[in-house]
Amino acid sequence: MTIEPSANVPIPMLDLQSEVEELWSEIMDAIQRVLRSGQFVLGPEVEAFEEEVAAFLGVEHAVAVNSGTDALVIGLRAAGIGPGDEVITTAFTFYATVEAILLVGATPVFVDIAETGFNLDVGAIAGAVTDRTKAVIPVHLFGEPVAMGPLLELAESRDLLILEDCAQAFGAYHEPSDLAIGDARTEPARVGSLGHVAAFSLYPTKNLGAYGDGGLIVTDDAELTAAARSLRNHAAARERRYVHQGVGYNSRLDALQAAILRVKLPHVDRWNALRRSVALRYEEAFKEIEGVRTPPFKAGHVFHQYTLAIDGGRRDSVQSHLTGLGIASSTFYPSPYTAWPAGTLTEGQTLSRTEAASATVLSLPMHAHLGPEEQGRVIRAVLDSASST
C-alpha cells in the first residue's frame, strides 16, 4: 500500500522501500532462483552479474567483491601499489578512500578541491607529484564525474596509475568533450571506464545498491583482473585448489546479492534520470538564494547526493529547521583530513577549499522515488530557513 506524502510524514534521505516494492516480483524470483540453485558464494550468478555490469560500464572485465572498500584495497594491490608509494587523492571524501591507501601500506597525499563543485582540483595534481608518486585516485564525489581528460594526459606523461573511486557515481558518464586529447570516442564514456582500474561500492544506499554489502572492481587489464580475482579469494591460484600465491582476502560477493543486482541494473539509467529531474527542480528553486551555492549541473552527473554549500555560518541553522519539520539532511563530510590519523601535507600547504566545504555542505533528500509533494516541502523549508537566517 502506498502512503501519500503529507506535511506530517517524515521525508528521509533515501527511500529503499519504494524501490523494493517496484521490483518485488522480480527480486523474489531472483532470490528463489538462487535458493534453489544451492550455490550461494560466487558461482554462475556472480559471473553473470560481472559480465552484465562490464557491458553496461563499457569495460572488458569486472570482479565482484565484498565491499567498496575492498574494491579500493584490492584494486590498489592488484596494480602493485604498496609500501613506499605515494597516492594522490582528495581529502574531501569518505574515509574509505584514504583508508584503502593506508591498508596497502602506501602514503596518501592530498590536493584541494576545485573552485566549483566538490571534486579534487585536477590542475593541482601535477604540483603534488614526487619521485614516489605511483597513483592518483580521483573520486567522482556525489555522482559528479571528475574532469578526466587533463588527468589522463598527466598520468601518461608521468607514468601514473589512475584508480577511479566510483563509489558514489554508478552510471555517471563523461561527454566526449571531457576526454583526453586524442581519444577517438564519439559517445559518452561511463565513469570507471577511463582509468586503469576503478572501484565501485554496491552498498544499499548507492545508485546501484545491493541489499547488503558489495563492491566491484573494473578494468580493461587482463593481468590486473587475474590478480584481483586471486586476491579476493585468499590469493588462491586459479586452477589449483588449496594453493595460495600470497596473502589475500575473503572478499567474495554472494550469489543472492548478485542476483538482486542483476534485477536492478537495467533500471539504473531510468532511476538516475529521475534523480536528475529532482536535482533540476532543486536547482531552479535555490540558484538565486544569496549565499547558497548549488552543485554543478553538468552532463553525466547522477546526483548520488544533492549537496548545497550554505555560506555565512548558516548551514547548521538551516539543518535544524529541516529537522524540526521532519525533513532529513546530512553533512557529507563535516570533518576532513584534520580529523584523520594519517595524511601528508607539504610544508605550508593548506586545503582551504576543503575546509570551507566541510563547514558549509548540506545534502538534501535525493532518490528516484522522491515525489513532487515531498520535493515541494523540502524546497519550501530550505527557502524559508536560508532566506531568513
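In this text, all values refer to a predicted model and were calculated from it rather than measured experimentally.

About the thresholds
Per-chain numbering applies: the sequence of each chain, read as written, is numbered from 1 onward. Local features in this predicted model are restricted to residues of pLDDT 70 or higher, and side-chain atom pairs are both shown and tallied only at a pLDDT of 80 or more, whereas totals for entire chains, interfaces and linings draw on every residue. Only hydrogens and water are set aside when side-chain values are computed; all heavy atoms of the structure are taken into account. A pair of strands is treated as paired once DSSP finds two or more bridges between them. In this text, helices come from DSSP runs of H or I with a minimum length of four residues, and strands from runs of E with a minimum of two, each type numbered from the N-terminal end. By definition in these notes, contact holds between two residues if any of their heavy atoms fall within 4.5 Å. Between N-to-C directions, angles span 0 to 180 degrees; the directions come from axes that are lines fitted to C-alpha atoms, helices contributing only their stretch in contact. Here, patches come from residues exposed beyond 30% relative accessible area and free of salt bridges, joined within 9 Å for like charges and within 5 Å for nonpolar side chains (Val, Leu, Ile, Met, Phe, Trp, Tyr). Under the convention used here, a 1.4 Å probe and the Shrake-Rupley method define accessible areas, while residue burial counts only the protein chains that appear. The working definition used for a salt bridge is a side-chain nitrogen of Lys or Arg within 4 Å of a carboxyl oxygen of Asp or Glu. The convention is simple: Lys and Arg are positive, Asp and Glu are negative, and His and the chain ends are not counted. Lys charges are placed at NZ, Arg charges at CZ, Asp charges at CG and Glu charges at CD. Any residue under 20% of the maximum accessible area for its type is buried, any over 50% is exposed, and the rest in between are partly exposed; the area is computed with a 1.4 Å probe on protein chains only. The length a helix should cover is 1.5 Å for every residue beyond the first. Take the far helix as the reference: if the near one is turned anticlockwise from it by less than a right angle, the crossing is left-handed, and if turned clockwise, right-handed. Gly falls in the polar group here, along with every residue not listed as nonpolar (Ala, Val, Leu, Ile, Met, Phe, Trp, Tyr, Cys, Pro) or charged (Asp, Glu, Lys, Arg).

So, about the sheet that holds strand β12 (residues 361–364). With respect to topology, three strands assemble into an open sheet ordered β10-β11-β12, the strand pairing being antiparallel. The sheet terminates laterally at β10 (292–293) and β12, the two strands that pair on one side only. Pairing of strand β11 (residues 306–310) with β12 involves four bridges; the strand directions are antiparallel. In the sheet register, Ala309 faces β12, and the bridge partner there is Val361. Sitting on the sheet, helix α9 (residues 268–286) is in contact with β10, β11 and β12, with an inclination near 20° to β11. Across the sheet, helix α11 (residues 352–360) lies against β10, β11 and β12, angled at about 50° from β12, the strand it touches most.

On the surface, a cluster of negative charge is made up of Glu60, Asp220, Asp221 and Glu223. Among the secondary structure elements, Asp221 is positioned in the loop between β9 (215–219) and α7 (222–231).

Under the definition given, this model contains 14 salt bridges. A salt bridge links Arg270 to Glu22; the nearest nitrogen and oxygen atoms lie 2.5 Å apart. Remark: Glu22 occurs in helix α1 (residues 16–22) and Arg270 occurs in helix α9; sequence separation between them is 248 residues. Given a relative accessible area of 33%, Glu22 falls into the partly exposed group.

With that out of the way, let us pick up unusual backbone geometry. Here Phe332 and Tyr333 are connected by a cis peptide whose omega angle stands at 15°. Counting through the fold element by element, Tyr333 comes out in the loop between α10 (315–324) and α11. With a phi angle near 55°, Leu42 is a residue other than glycine that sits in the positive phi range. Topologically, Leu42 is positioned in the loop between α2 (24–37) and α3 (43–57). Backbone geometry places Phe303, a non-glycine residue, at a positive phi of 50°. Of note, Phe303 is situated in the loop between β10 and β11.

This part takes up α3. Given a rise of 1.5 Å per residue, 15 residues ought to cover 21 Å, and the 21 Å separating the end C-alpha atoms of α3 matches this to within 8%. Listed as buried for α3 are Gly43, Glu45, Val46, Ala48, Phe49, Glu50, Val53, Ala54, Phe56 and Leu57. Once α3 ends, the next one or two residues include Gly58, with phi positive near 80°.

Moving on: the packing of α3 against helix α8 (residues 255–264). It is the contact of α3 with α8, at a shortest axis distance of 8 Å, that shows an interaxial angle of 35°. Crossing geometry of α3 relative to α8 is assigned as left-handed. Judged by residue contacts, Glu45, Val46, Ala48, Phe49 and Glu52 of α3 engage Ala255, Ala258, Ala259, Leu261 and Arg262 from α8. Its residues placed into classes, the contact of α3 with α8 shows seven nonpolar, no polar and three charged.

Next up on the list: the sheet that holds strand β5 (residues 161–165). Within the open sheet, the seven strands sit side by side as β1-β9-β8-β5-β4-β2-β3. Their pairing is mixed. The outermost strands of the open sheet, each flanked by one partner alone, are β1 (61–65) and β3 (107–111). Direction aside, the axes of adjacent strands within the sheet are offset by 25° on average. Direction of pairing for strand β2 (residues 86–90) relative to strand β4 (residues 133–137): parallel, over a ladder of four bridges. Across the sheet, the residue bridging to Thr89 is Ile137, located in β4.

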